[in-house]
Amino acid sequence: MWSSRMALRRLQQIAATSLNITGGLTSNMQRTMSTLPRVYVTRQIPPEGLKILRESGQVQLELWESDDVPVPRKELLQKVKGVAGLVCVLTEKIDAELLDAAGPNLKVLSTMSVGFDHLSLEELKKRGIRVGYTPDVLTDAVAELTVALLLTTSRRLIEATHEAKTGGWGTWRTLWLCGHELANSTVGILGLGRIGVAIAERLAPFKVKKFIYTDVAPRPELASIINAEYVSFDEMAKQSDFLAVCCALTPETKEICNKNLFSKMKNTSIFINTSRGGVVNQEDLYEALSTGQIAGAGLDVTVPEPLPTSHPLFTLKNCVILPHIASASYTTRNAMSALAANNLLLGLRGETMIKELKL
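In this text the structure is predicted, and so the values were computed from the model without any measurement. (Residues numbered from 1 in each chain as written. Predicted model: local features only at pLDDT ≥ 70, side-chain atom pairs only at ≥ 80, totals over all residues. Heavy atoms only, no water.)

Considering the overall build of the protein chain
Piece 1. Within the protein chain, the regular secondary structure consists of 14 helices and 13 strands.
Piece 2. Expected size for 359 residues packed as a compact globule is a radius of gyration near 21 Å; at 23 Å, the protein chain falls within 12% of this value.
Piece 3. When the backbone C-alpha atoms are referred to their principal axes, the protein chain occupies close to 75 × 45 × 40 Å.
Piece 4. Scored against the burial criterion, the 359 residues of the protein chain give a buried share of 50%.
Piece 5. For the protein chain, long-range pairs separated by at least 24 residues make up 64% of all intrachain contacts whose partners lie at least 6 apart in sequence.
Piece 6. When the accessible surface of the protein chain is summed, it comes to about 17,400 Å², and 53% of that surface belongs to carbon and sulfur atoms. (Helix = DSSP H or I, 4+ residues; strand = E, 2+ residues; numbered from the N terminus. Rg over C-alpha atoms; globule rule 2.2 N^0.38 Å. Buried < 20%, exposed > 50% of the residue type's maximum accessible area, 1.4 Å probe, protein only. Contact = heavy atoms within 4.5 Å. Areas by Shrake-Rupley, 256 points an atom, 1.4 Å probe, with all protein chains shown as cover.)

Printed below as a string of structure tokens:
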């Protein structure tokens, strides 16, 4: 398992090695840039990835010069025409329409994300387009944020900060702003992968009594790392004092966290989602939170994103909502960018990508 710092150094070394092999931007290469494969980058990605692409001498690079505003769909459909490679982020829907617009020259797609629910995998497979993605390098950052969100929600830190700022901090009261602690608790993990293990490793020092998990099947190798017990979906709901959602969004997991789950949870339970918003039925979550069926929820992901400020979940004191920042550390985002760039260049050379989706 890579840490993001180690991964970034390794990816920089891979890029440097590639430059040495290809000779970098020699004067000869500069003269023949027009013959190099065209690549479009749909966002101004972090600098390490752009540096790798620009200094590779292997591609003609064009990018959408903004990190704040996504490239308009109409412009994206124009820009991808005839490209051999495409670097995208999770805000871009890569579907049949876009792939048709790109045409038969498109050989490699590299997404700067671990999730791939924005990609039409069947369409990519049908066209023989290779796909790179960026797992592993964001594990530490996502696990850290998940723990931070869990503690913020369970110990009611947002409420407490608001009270301190607005004059609600009066005399000491015995049960004012009391929350729920991790010591002697049961933590449930929905979808045990790299991130789920990393979350558990960080929570263990808080004296958690037991880790349980559910998945499509038992995962004994990963479970043994954190001494976690495999249980059924319903049993996880009933036992968990804290429930962390770490599963991918698939047709099977779409809105799997719904009233069926919430109705079985304890009224003292804390629900945390840092995976994908689509795994949660937000109407059912609102009902569970507003009626006291569960104690609180922390969300880093929603449907849609951004979530409209008028959404009912924003009216609840026991719901903490973040703007999808789980991987948002400088080191991790640069590592993701560097990995996406290396995946693209390796794919265009017909070599093995560092991280490739098997379609």
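Points about helix α13 (residues 282-290)
Piece 1. Within α13, the full set of buried residues consists of Gln282, Asp284, Leu285, Ala288 and Leu289. Along the axis of α13, the buried residues cluster in a sector spanning 155°; they form a single face.
Piece 2. Looking at the buried positions of α13, the neighbouring elements they touch are α12 (259-262), β10 (270-273), β11 (296-299) and β12 (319-321).
Piece 3. Backbone geometry just downstream of α13 places glycine 292 in the positive-phi region, at approximately 80°. (Arc of directions from axis to C-beta.)

Considering the domain arrangement of the protein chain
Piece 1. Each assigned domain of the protein chain is listed here: domain 1 (33-137 + 331-357) and domain 2 (157-166 + 177-317).
Piece 2. Computed from C-alpha atoms alone, the centre-to-centre distance between domain 1 and domain 2 is 32 Å. (Domains from an automatic or database assignment.)

Thoughts on the packing of helix α7 (residues 139-154) against helix α9 (residues 194-203)
Two quantities define a packed helix pair, namely the angle between the axes and the distance from one axis to the other.
Piece 1. Taken N-terminus to C-terminus, the directions of α7 and α9 make an angle of 50°; their axes are 9 Å apart at the nearest point. For the element pair α7 / α9, the angle class is oblique. Seen from above, α7 lies across α9 with right-handed handedness. The residues of α9 that touch α7, namely those facing Thr139, Asp140, Val142, Ala143, Glu144, Thr146, Val147 and Leu150, are Arg194, Ile195, Ala198, Ile199, Arg202 and Leu203.
Piece 2. A class-by-class count of the residues in the contact of α7 with α9 yields 8 nonpolar, 2 polar and 4 charged. (Axes fitted to C-alpha atoms, helices over the stretch in contact; angles between N-to-C directions. Parallel < 35°, antiparallel > 145°, perpendicular 65-115°, else oblique. Left-handed = near helix turned anticlockwise from the far one by under 90°. Nonpolar A, V, L, I, M, F, W, Y, C, P; charged D, E, K, R; others polar.)

Structural notes on the packing of helix α3 (residues 47-55) against helix α14 (residues 330-348)
Piece 1. Viewed as axis vectors pointing N to C, α3 and α14 meet at an angle of 25°, and their least axial separation amounts to 6 Å. On the basis of the axis angle, α3 is roughly parallel to α14. Here Pro47, Glu48, Gly49, Leu50, Ile52 and Leu53 of α3 lie close against α14, whose contacting residues are Asn334, Ser337, Ala338, Ala341, Asn342, Leu344 and Leu345.

Comments concerning the environment of leucine 313
Piece 1. Among the secondary structure elements, leucine 313 is positioned in the loop between β11 and β12.
Piece 2. For leucine 313, a relative accessible area of 0% translates into the label buried.
Piece 3. Along the primary structure leucine 313 and tyrosine 286 are separated by 27 residues, whereas in three dimensions their C-alpha atoms are 6.0 Å apart.
Piece 4. With sequence-adjacent residues up to four places away left out, leucine 313 is seen in contact with Gln282, Leu285, Tyr286, Leu289, Leu299, Cys319 and Ile321.

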